[in-house]
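Per-entry structural report
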Amino acid sequence: MPGVVLAHEVDWEGFRAAARALALGGIPPDSVVWSVRAIDDLFGSEAPPVSGEGAFRLPRALVSLAETVIQASDPQRFALLYGLVWRAFQGDRHLLEQITDPLVDRANRLAQAVRRDTHKMRAFVRFRVVNDGGEARHIAWFEPSHFIVEANASFFVRRFAGMTWSILTPYRSAHWDGAELAFTPGASRGDVPDDDRLAEYWRVYFSAIFNPARLKIGAMTSEMPRKYWKNLPEAAAIPELIAKAASRTEAMEQQTALSAPRPVLRRARAPAALPNSDLARARAEAVQCRRCPLWGPATQTVFGEGPADAAIMLVGEQPGDHEDLAGRAFVGPAGQLLDRALKEAGLDRAALYVTNAVKHFKFAPRGKRRIHVRPETGEIEACRFWLEIERAHVAPAVTIMLGATAGQAVLGRTVAVQKDRGVPLPLASGWGVLTVHPAFLLRLPDQEARAREYELFLRDLTAARTLAEAATRPISPS
Amino acid sequence: MELLDKLAILADAAKYDASCASSATDRRDSLKGGIGSTEGSGICHAYAPDGRCISLLKILLTNACMYDCLYCINRRSSNVQRARFTAQEVVELTLGFYRRNCIEGLFLSSGIIRTPDYTMEQVVEVARSLREDHGFRGYIHLKTIPDADPALMALAGRYADRLSINVELPSQEGLDAFAPEKDLPGIRRSMARLRLRIEEGREKGAPRFAPAGQSTQMIVGADASTDRQILGASTNLYSSYGLKRVYYSAFSPIPHASSALPPRAAPLLREHRLYQADWLLRFYGFAEEEITTGDDDNLALDMDPKLAWALAHRAAFPVDVNTAPRETLLRVPGMGVKSVGRLLVARRHRRLRLDDLARLRLSLPKVSPFVVTADHRPRFVDSPRLATALPRQLSLFA
Ligand code: SF4
Ligand code: SF4
């Protein structure tokens, strides 16, 4: 029966070479005996015992699993891995996807144990600092359950590249001198100096951050099993913390019962000095508006903006996600499209008064997004209160209504956008021009339709501009 | 005051904040200088006997505070002993613990002293010094103060991995009664600004801004808010401000508390159920109304919310594990996101039987009443009887 002797416990190169030779030589798993050289040798790896010719490629997923499993302390791991290699080599495709296959399952369990141990090493290594002729050296003692030190050392290099450190373990020690990683044989606990001064600080921190009213010992030990405690400076505090938890909590509860009630102060929200213009005052008051339920889930009231004597007022539907976050109308994707169209229609946004029919964003939450929901008639009606104040003060010559909601809010009736768009509609004061909402253009999936609709949108905006130019000449409409 | 005493006071003052995560930031190492690294998932370096992970050095810069939040040990009217670190002291403690591999980084917050801007400036200075004077590449989480100067927020976002603002209670009425200086709309406006900046920061070439996003915390059981209100608030906050996490913290007694507060701790089990529900909302495709539609505005304590849903929707079961789509499998009690993923891979290669489910590390007593496999079909048992027959977690201490 062929025997393979690997140079050391994580001799991946040796294993790989041997597995290749065995598989090419047609030697099945149950006729190979795997072992590790009695005298652990970090460097030499024995020549493969059998050789063969031909292509030998392992699936990448299998290589990565095997590199993990080989670190397990289970002496059967080499045979197990060769069993998997053999099956892959025999053409068992998607081998690792057969998660419930007993062999694959065993390998996954070993890999999981190695990963957990690796993680615990990253968590529970504690360095002490010793001064070595003026230079600080960091030394730690750790007892891993698996052969993880070699593969895990690079993590400590990435984290502590600027320090000089050694991690000693019973089977292997890793050393970093600031430039090079080196491994030496195992060491013993006595080789590590005592805790330094900061260990005491760490114990104090650990004790203070513990909340005695929430004692959950099982939750602690499942993540920080007792076997690690002897090498953790903070663990020395645990028994006393547990012993006194109940009495500390009780003492706090007693105090609670004894102390006197405190009069609850109302939040003093100093009213900001009232702005002197009515429009500015409406804007300030709208911040607290509760006229309909839409304020509740939203971030803030998004009031109109622009010169109070603008010749054109632009009314949209309601703020969107971005507008709700920024507190300003038309700053999201629809706002960007609107800006572009305004420019092309020869309109200067800064000269317009831009607002919405409804001042709060109405939405339905969907995970990390909010989906726009159309406001209902009741909400549009409630919010007309603010729109009317804006319209009364700005008294624009032309009001551009973007979409059906804006049309409904301004005209006081339901409108058919496609039917009434682009033509001057007489309003109580000035003219109105109805067109689509820019978000409608964004929702069109088809490029061609979008280009066509964009042209129509431009045409409507241009009509509004012409109307405004005519209206602001001395003769007024109506 | 000795540094050791300050540490004891200012860690004690910070322990009511449940946040501990040190994950989800960009990858960094110290190979080209400085100290520290971050690699995707954070590391819990220790666990306190309360079962909470200790990943960051979680401290307050000072526990003096102008505000008077009733539930808080640091409130103005509390007679707790006060202390204040210098920025330098926090920097040294952070680096000292970091070099010894005790922590992933720093979570710094502070009571509000003088003005919100002054306080924020002190907090930002610690982060600046760590990053710029010491090349610190570890994790930094800063508690931010609502409505602090935007320039300070920009600096905070540049140095920190995560920023947070705690809402503490789900409604303004709750805050009015317990934290009279706190203003929910102001907190939400700050979260909105953070979201916009965090999203800008993700664009190519944009200045760095809190790559690990923002989070918040709600205290459970201090006021009368129901689980429905709390989960409603969470759903709103996740969708509105893209929060990475909402932490729930069962109210626990503090020394010298006001008698307006409940005398005893809120059950930790309630906190646990809220976390489970939060998970169902975020990763299992449940809508908030599905979890809290019962007659009761609170989640059941005696069973997890997914089992409660399944027992109320028996017509949706049993589910055939060999054919059901992912969304359906995620609704089976006892199946997690990971095990469903593994199950979907495994069933490509064989018709799954009960022992396959066991190898997928599923608990058969929990799962089998709800699933059909190649060799198993559950007998119908009415929900009340099934409820008593199922294994359940009634206590967190088991
Ligand atoms: S939508 Fe309008 S009416 Fe409704 S609360 Fe907001 S501002 Fe007031
Ligand atoms: S603001 Fe309120 S919660 Fe924050 S430290 Fe001060 S009293 Fe405590």
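Residues numbered from 1 in each chain as written. Chains lettered and ligands numbered in written order. Predicted model: local features only at pLDDT ≥ 70, side-chain atom pairs only at ≥ 80, totals over all residues. Heavy atoms only, no water.

1. A word on the site of ligand 1
All names here are of chain A. Here is the rule: The cutoff for a nearby residue is simple: one of its non-hydrogen atoms must lie within 4 Å of the molecule or strand. Residues are called lining when one of their atoms sits within 4 Å of a cavity or pocket point, these points coming from a 1 Å grid over the protein atoms alone, where a cavity is a set in which a 1.4 Å probe fits but cannot get out and a pocket is an open set with protein on both sides within 12 Å along at least five of seven lines. More than half of a molecule's atoms lying within 2 Å of a cavity's or pocket's grid points is what places that molecule inside it. In this classification, the charged set is Asp, Glu, Lys and Arg, the nonpolar set is Ala, Val, Leu, Ile, Met, Phe, Trp, Tyr, Cys and Pro, and all remaining amino acids, among them Gly, are polar.
The environment of ligand 1 is formed by C289, R291, C292, L294, W295, V358, K359, H360, A382, C383 and W386. Of all the cavities here, the one that holds ligand 1 is the largest cavity. Split by residue class, the shell around ligand 1 holds eight nonpolar, one polar and two charged.

2. Looking at empty space enclosed by the protein
All names here are of chain A. Quick reminder of the rule: Grid points are joined across faces, edges and corners, and a volume is the space filled by probe spheres set on the points. Only DSSP runs of H or I covering at least 4 residues are called helices, and only runs of E covering at least 2 are called strands; the numbering of each starts at the N terminus.
This model, assessed by the stated rule, comprises two cavities of 30 Å³ or more. Quantified by volume, the largest cavity comes out at close to 100 Å³. If you trace the largest cavity, you find it lined by A286, C289, R290, R291, C292, W295, T301, K359, H360, A382, C383 and W386. The dominant element in the lining of the largest cavity, judged by the number of residues it contributes, is helix 12 (residues 377–394), at three residues. Residue composition of the lining of the largest cavity, grouped by class: seven nonpolar, two polar and three charged. Estimated volume of the second largest cavity: approximately 70 Å³. Tallying contributions element by element places helix 6 (residues 197–209) first for the lining of the second largest cavity, with three residues. Partitioning the lining of the second largest cavity into residue classes produces six nonpolar, no polar and five charged.

3. What about the sheet that holds strand 7 (residues 214–220) of chain B?
Residue and element names in this part refer to chain B. Here is the rule: Here the rule is simple: two strands pair whenever DSSP picks up at least two bridges between them. For helices, the fitted line uses only the C-alpha atoms of the stretch in contact; every axis is such a line through C-alpha atoms, and the angle between N-to-C directions lies from 0 to 180 degrees.
Taken in spatial order, the six strands make up an open sheet running 3-4-5-6-7-8, and their pairing is parallel. In this open sheet, the two strands that pair with only one neighbour each are strand 3 (56–60) and strand 8 (245–250). Taken pair by pair, the neighbouring strands of this sheet meet at an average axis angle of 20 degrees, ignoring direction.

4. Description of the domain arrangement of chain A
Reports often express the size of an interface as the amount of accessible area lost when the parts come together. Residues and elements named next belong to chain A. Selection rule: A domain assignment, automatic or from a database, supplies the domain bounds used here. In what follows, residue pairs with any heavy atoms lying within 4.5 Å of each other are defined as contacts. Note: buried area is the sum, over both parts, of the accessible area (probe 1.4 Å) each one loses when the two are combined. Take a side-chain nitrogen of Lys or Arg and a carboxyl oxygen of Asp or Glu: if they are within 4 Å of each other, that pair is a salt bridge.
For chain A, the assigned domains are domain 1 (3–120), domain 2 (125–191), domain 3 (204–255) and domain 4 (276–471). Put simply, the middle of domain 1 and the middle of domain 2, counted by C-alpha atoms, are 28 Å apart. Contacts between domain 1 and domain 2 engage 14 residues on the former and 13 residues on the latter. Summed over both sides, the interface of domain 1 with domain 2 buries roughly 1200 Å², with 56% coming from carbon and sulfur. Our count for the domain 1 to domain 2 interface comes out at zero salt bridges. Take the side of domain 1 that touches domain 2: its biggest share by element is five residues, from helix 4 (residues 102–124).

5. Comments concerning the nonpolar core
Inside soluble globular proteins, nonpolar side chains tend to come together where they are buried. For clarity, the threshold we go by: What we call a nonpolar core is a set of buried Ala, Val, Leu, Ile, Met, Phe, Trp, Tyr and Cys residues that are connected through their side-chain atoms within 4.5 Å. Buried means the residue's accessible area, taken with a 1.4 Å probe over protein chains only, is under 20% of the maximum for its type, while exposed means over 50%, and partly exposed covers the values in between.
Grouped together as the largest cluster of nonpolar side chains are 206 residues, with contacts concentrated most on A:F15, A:W34, A:Y82, A:W165, B:I59, B:F97 and B:M335. Discounting residues that sit within four places of it in the chain, A:F15 has contacts with A:L6, A:W34, A:I70, A:F78, A:L81, A:Y82 and A:V85.

6. A short note on the packing of helix 2 (residues 60–69) of chain A against helix 3 (residues 77–89) of chain A
All names here are of chain A. Under the convention used in this document: Note on terminology: angles under 35 degrees are roughly parallel, angles over 145 are roughly antiparallel, angles of 65 to 115 are roughly perpendicular, and the others are oblique.
It is at 10 Å that the axes of helix 2 and helix 3 come closest, and there the two elements cross at 175 degrees. The angle between helix 2 and helix 3 falls in the class roughly antiparallel. Counting all contacts with helix 2, which are made through L62, L65, A66 and V69, the residues of helix 3 involved are R77, L81, L84, V85 and A88. Per-class residue counts for the contact of helix 2 with helix 3 are eight nonpolar, no polar and one charged.

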